[in-house]
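# Observations on chain architecture
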Amino acid sequence: MKPVELKNGIFWVGAIDWAVRDFHGYETPRGTTYNNYLILDNEITLVDTVKYDFADISIQNIRAIVDPSKIKHVVINHIENDHVTSIDKIMALCPDATIHITEKGKKGLARFYDISPWKMRVVKSGDTLLIGKRTLLFLETPMLHWPDSMMTYVKEEKLLISQDGFGQHIASAARFDDEYTTCQSMSELEDAITDYYANILMPFGHILKSKVADIQKLGIEIEMIAPDHGIIFRQDPGMVIKRYLDMANGKSDLSVSIIYDTMWHSTEQMTVPLMHGMKDEGVDCKVIKLRATPQSVAVKEFWKSRGVLLGTPTLNNIMYPSVATFLTYLRGLRPKNRLAGAFGSFGWGGGAVKEAYEIFKKIGLETFEPGLEVLYRPSEEDERKCYDYGVAFAKKVKEYHKKFE
Ligand code: FEO
């Protein structure tokens, strides 16, 4: 791996993780990168570090440009393990450097490392650091993605180093949006942005909106966005900002995800007429079986659609375990602006569909009621009911979607 120059004297010195498929519990089918940036100026500055397994790669990249002992400042935008767990190796190389970090970042870092030997400067929004001909402006962004998070804006370059914000989990030889959309495609990039937002930033959409508004109020011009994961936006940084804001404002496709699991294929059988009913009503529909799909992919599909129909058999009077696990994950992500209904087969007393609605209400989702339940195997009459339910759900989704147009 080689460093890549973003702007004159500013280099990507990160690492590409082609192999990661389980990122703290969620699926990353495209791998990821850990991006950090080296700024050559009168006072050499490193912005962020990388995950511990990749420390040597990043250090090698730094060494290709400069002797690491010459680094005067290390900015830590975020202390999650994927960004900060090589800080000890970095500080061993430049022990006189000053770490610039938020108050919460400093407290958190002290839980992972003995920080007593390190010079630390606590910064807050609006604080700056003059490193020569360039000025770094710090912008706290708590909960994007952890309480400690901040972004660093390089004023003279109009470059926003945005840590987790505006990231995507993509491993690629391409570093920039124009390169990636040439070797892959814009739709691939958009899908990765949606996947990342849905699984990581969905609960914090309101904070994202207010932080973007703060940046606009400060009159900050952005020519380039360099996140700590994935592709750097140099051709069209406005694209990723718009996409994030659209998601934070509740935009989605006029479509439905049927997300289900099944024991003996009865609940699965119900998905077919449900899908036909929706399709005939003019609403696109995707069918996702949970035991065949990573949860993070199911969440992404949920998030892309205006409506969700959750299919669950009843097992011992409650929801099927894989469906319950999915709903637990979804509940933590606190989704908004989606219409939810539930269906499923039961053999004894039922209970799963009722439980699904209880959880929808705890999450705060709009619901389409009542749900649809079938005893044992769906009969032809039951299949007609499923079709009609699909039509009715699609009508309601179309009506609900108008609120967001
Ligand atoms: Fe990429 Fe919140 O760490």
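Above this text you will find the structure in question.
Everything in this summary refers to the structure shown in the same document. (Residues numbered from 1 in each chain as written. Predicted model: local features only at pLDDT ≥ 70, side-chain atom pairs only at ≥ 80, totals over all residues. Heavy atoms only, no water.)

The next point concerns the environment of T293. The topology assignment puts T293 in the loop between β18 (284-289) and α10 (295-304). As for T293 and D114, which are separated by 179 residues in sequence, their C-alpha atoms are 41 Å apart. Those residues in contact with T293 that lie beyond four places of it in its chain are I288 and A298. A polar contact is formed between the side chain of T293 and the backbone oxygen of K289, at a distance of 2.7 Å. (Helix = DSSP H or I, 4+ residues; strand = E, 2+ residues; numbered from the N terminus. Contact = heavy atoms within 4.5 Å. Polar contact = N/O pair within 3.5 Å; in protein donor to acceptor, adjacent residues only side chain to side chain.)

As summarised here, the arrangement of the 5 strands in space is β12-β13-β14-β15-β16, forming an open sheet in which the pairing is mixed. Where the open sheet ends on each side, the last strands, each with one partner, are β12 (128-130) and β16 (224-227). Each strand of the sheet is rotated relative to its neighbour by a mean of 20°, with strand direction disregarded. Two elements, strand β15 (residues 159-163) and β16, share 4 bridges in a ladder whose sense is parallel. Each bridged residue has a counterpart across the sheet, and for L160 the counterpart in β16 is I225. (Pairing = 2+ DSSP bridges. Axes fitted to C-alpha atoms, helices over the stretch in contact; angles between N-to-C directions.)

This part takes up the sheet that holds strand β8 (residues 44-47). A sheet is described by the order of its strands in space; here 7 strands give the open sequence β1-β2-β7-β8-β9-β10-β11, paired in mixed fashion. Taken across any chain shown, the strands that pair with only one partner, and hence form the sheet edges, are β1 (4-7) and β11 (119-122). Looking at each pair of strands side by side, their axes are set apart by 25° on average, direction ignored. As defined by bridge partners, β8 adjoins strand β9 (residues 71-75) across 4 bridges and the pair is classed as parallel. Directly across from L46, in β9, lies its bridge partner V74.

Turning our eyes to something else, we now look at a nonpolar patch on the surface. Residues W348, L375 and Y376 make up a contiguous nonpolar surface patch of about 410 Å² in total accessible area. Secondary-structure assignment places Y376 in the loop between β24 (372-375) and α13 (380-401). (Patch = residues over 30% accessible without salt bridge, like charges linked within 9 Å, V, L, I, M, F, W, Y side chains within 5 Å. Areas by Shrake-Rupley, 256 points an atom, 1.4 Å probe, with all protein chains shown as cover. Salt bridge = Lys/Arg side-chain N within 4 Å of Asp/Glu carboxyl O.)

This paragraph deals with the pairing of β1. Across 3 bridges, β1 lies against strand β2 (residues 10-12) in antiparallel orientation. Bridged to K7 within β2 is I10. Counting the residues that bridge the hairpin from β1 to β2 gives 2 residues, and of these G9 lies at a positive phi of roughly 85°.

Look at helix α6 (residues 186-201) against helix α8 (residues 237-248): their axes get within 11 Å of each other, and the N-to-C directions meet at 45°. By the angle class used here, α6 and α8 are oblique. When the axes of α6 and α8 are compared, the crossing they make is right-handed. Across from M186, L189, E190, I193, T194, Y196, Y197 and L201 in α6, the residues of α8 making contact are M239, V240, R243, Y244, M247 and A248. (Parallel < 35°, antiparallel > 145°, perpendicular 65-115°, else oblique. Left-handed = near helix turned anticlockwise from the far one by under 90°.)

Within the structure shown, the criterion is met by 22 salt bridges. The partner of K124 in a salt bridge is D127, and the shortest N-O contact between them spans 3.8 Å. Between K300 and D191 there is a salt bridge, with its nearest N and O atoms 2.9 Å apart. Taken as a pair, K300 in helix α10 and D191 in helix α6 lie far apart in primary sequence, 109 residues in all. With relative accessibility at 16%, the residue D191 sits in the buried group. (Buried < 20%, exposed > 50% of the residue type's maximum accessible area, 1.4 Å probe, protein only.)

Of the two faces of strand β10 (residues 98-101), the one holding T98 and H100 and the one holding I99 and I101 are both buried throughout. As paired elements, β9 and β10 share 3 bridges and run parallel to each other. Its bridge partner being in β10, V75 is matched across the sheet by H100. Handedness of the β-α-β unit built from β10, helix α4 (residues 103-112) and β11 comes out right-handed. (Right-handed = clockwise from strand over helix to strand, strands pointing away.)

Bringing the side chain of S322 into the picture now. Structurally, S322 is set in helix α11 (residues 321-333). The buried category is assigned to S322, whose relative accessible area is 18%. Not counting the four nearest positions on each side in its chain, S322 is found in contact with D261, L290 and R291.

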